[in-house]
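Topology and contacts: notes
Residues per chain are reported as follows:
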Amino acid sequence: MVAAAGGADFSDLREIKKQLLCVAERSRERGLQHSGKWAAELAFALEPLPLSELPPPPVLTEEDARDLDAYTLAKSYFDLKEYDRAAYFLQGCKSQKAYFLYMYSRYLSGEKKKDDETVDSLGPLEKGQVKNEALRELRVELSKKHKAQELDGFGLYLYGVVLRKLDLVKEAIDVFVEAAHALPLHWGAWLELCNLITDKEMLKFLSLPDTWMKEFFLAHIYTELQLIEEALQKYQSLIDAGFSKSTYIISQIAVAYHNIRDIDKALSIFNELRKQDPYRIENMDTFSNLLYVRSMKPELSYLAHNLCEIDKYRVETCCVIGNYYSLRSQHEKAALYFQRALKLNPRYLGAWTLMGHEYMEMKNTSAAIQAYRHAIEVNKRDYRAWYGLGQTYEILKMPFYCLYYYRRAHQLRPNDSRMLVALGECYEKLNQLVEAKKCYWRAYAVGDVEKMALVKLAKLHEQLNESEQAAQCYIKYIQDIYSCGEVVEHLEVSTAFRYLAQYYFKCKLWDEASACAQKCCAFNDTREEGKALLRQILQLRNQGETSSTDVAAPFFLPASLSASNTPTRRVSPLNLSSVTP
């Protein structure tokens, strides 16, 4: 309970709660709703404070008192989203709070105008030529203040946001780090920093304040960088430190399990989260992705209806409904809801990627490419968008392009077998067979999700007339399929048995060949070939041909494939009891 893994001090949870309540209030005063909400949610997870320990109201300075009337009026306009009007009444204000609201109102006014124009031209083939016109002026004014060291933590955060929007990434990172030092409790600055860090190396070179907030930041960035094991360790240490009731941490753990495709675990955590916070809409689109992958139509339908009742005009709600229609193969309707989500928030990453998938289903490749490109603009770490682009260019028969995009997806998910198999297929098309072999073998080594890597590798060996290696791959593949205890409906199982039957036949290993041929009889597509091979073996045996002993033992089928776990009913198979490879 005393310290989290990183050594950050969590011994005084009451002090942490005071800090959170204080920064939540300060964020709300400046119109930073999301940072305020994050701090309030975290504070709620801790034990309530007695009256004597509640943080005192902030002390007003002379400047605050002078600007109080203008600030109070402008803040009421700001809350009603009348940003230009708020900025007009804040002109000339000198206090830090009023000055921040003045600059932030101008920034949001520009963003709102940009979004309105983007929505009008969303179709989504028009690329984001629309710019926030206020950014350059804001940068000039804020940089003067920055040089004069007149910006507080909130001001530095806004300056960083402006620099990021102008694609001045290096400068933005420096300013966000400065903002985190000036005001470590402001979650917004940490979150912006998360979006700009591309790898673990970059993280090492950042000089971050040594505060308990850093633990939350590291857990979040590890999740983003797909370093899920480290992320889960951090979150567990935060739970142990006293944040066990935090819905934010629970949702992040669910997202982390979603990222490593531990679907059952993620689903159970999301269900638990829904019980604790039934009106929560955040992260519910991720929950719907899991239900979609598992084809859980009733649950997805219930979730969609439930979110519709809570707030039908939230981005997440539109994505959940889109997923529901997609699962029912109503792709036009699904795309419509993803478009609706993007009208509500054009920078919403998930909707761009999902819309790309829908356009792919509708065979509209050019629209799919644009949607995926938008997703990458929003977040270059979205492997699904890179993978989607690879698939799109594969359809367009442009293997060099698709190789580039699959490589990018693989860099982001080095241990995802789907990326490796896609890369292998690409190399195969480009006739780079050595590279293709490496990819398929690596896909098998990291844990092949779709159980296709070994078959593809075997077929590659077949192509190169490397029959021994092909046989080995097929044996491993069959072992894998049967050891999973799956009902064997895998199309390629019959292919594997057919190849092995022919391979053993050529090697004159009649027992093994006949065992595999009998297995072939269990599948419709190989039944006739299996019967023909059995007849040939019987004929040769009758002619006195003996079984060969020249071939090395590793090519026998494993004993595990005995009658107890065979898929066939018609032909009683032989007990393949022989040496396991």
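Below is a summary of the structure that appears in this document. Everything numeric in this text was worked out from a predicted model, so none of it was measured.

With that out of the way, let us pick up the overall build of the protein. A count of helices and strands for the protein gives 29 helices and zero strands. For the protein, with 581 residues in total, the buried portion stands at 52%. By sequence separation, contacts in the protein at least 24 residues apart represent 59% of the contacts at least 6 residues apart. For the protein, the exposed surface amounts to about 28500 Å²; the carbon and sulfur share of it is 51%.

What follows deals with the packing of helix α11 (residues 212-224) against helix α13 (residues 247-259). As a packed pair, α11 and α13 sit with axes 10 Å apart at the nearest point and diverge in direction by 25°. Of the possible angle classes, the one that applies to α11 and α13 is roughly parallel. The element α11 and its partner α13 pack so that their crossing is left-handed. On α13, the residues that touch F216, H220 and T223 of α11 are Y248, I249, Q252, V255, A256 and N259. Split by residue class, the contact of α11 with α13 holds five nonpolar, four polar and no charged.

What follows concerns the nonpolar core. Grouped together as the largest cluster of nonpolar side chains are 189 residues, with contacts concentrated most on F216 and F217. In this structure F216 touches F10, W38, L42, W187, L238, F243, Y248 and I249, once residues within four positions along its chain are discounted.

Under the criterion given, the structure shown has 31 salt bridges. Measuring nitrogen to oxygen at the nearest pair gives 2.6 Å for the salt bridge that ties R418 to D416. Here R418 falls in the buried class, since its relative accessible area comes to 13%. When salt bridges that share partners are traced, they join E111, K114, K165 and R347 into one network.

A few words on the side chain of N323. With respect to the helices and strands, the residue N323 is situated in helix α17 (residues 315-327). Given a relative accessible area of 3%, N323 falls into the buried group. Not counting the four nearest positions on each side in its chain, N323 is found in contact with D285, S288, N289, Y292, L300, F338 and L354.

Within the structure shown, the criterion is met by 29 aromatic pairs. K97 extends its terminal NZ or CZ atom over the ring of Y71, reaching a point 4.7 Å from the ring centre. Over the ring of W386 we find R408, and its NZ or CZ is 4.3 Å from the ring centre.

The subject of this paragraph is the state of the cysteines. Tallied over the entire structure, the rule returns zero disulfides. There is no disulfide at C516, and the cysteine sulfur nearest it, in C520, is 7.0 Å away.

Cut-offs applied
- Residues numbered from 1 in each chain as written.
- Predicted model: local features only at pLDDT ≥ 70, side-chain atom pairs only at ≥ 80, totals over all residues.
- Heavy atoms only, no water.
- Helix = DSSP H or I, 4+ residues; strand = E, 2+ residues; numbered from the N terminus.
- Buried < 20%, exposed > 50% of the residue type's maximum accessible area, 1.4 Å probe, protein only.
- Contact = heavy atoms within 4.5 Å.
- Areas by Shrake-Rupley, 256 points an atom, 1.4 Å probe, with all protein chains shown as cover.
- Axes fitted to C-alpha atoms, helices over the stretch in contact; angles between N-to-C directions.
- Parallel < 35°, antiparallel > 145°, perpendicular 65-115°, else oblique.
- Left-handed = near helix turned anticlockwise from the far one by under 90°.
- Nonpolar A, V, L, I, M, F, W, Y, C, P; charged D, E, K, R; others polar.
- Core = buried A, V, L, I, M, F, W, Y, C linked by side-chain atoms within 4.5 Å.
- Salt bridge = Lys/Arg side-chain N within 4 Å of Asp/Glu carboxyl O.
- Phe/Tyr/Trp six-rings, centres within 6.5 Å; stacked < 30°, edge-to-face > 60°.
- Lys NZ or Arg CZ within 6 Å of the ring centre and 35° of its normal.
- Disulfide = S-S within 2.5 Å.

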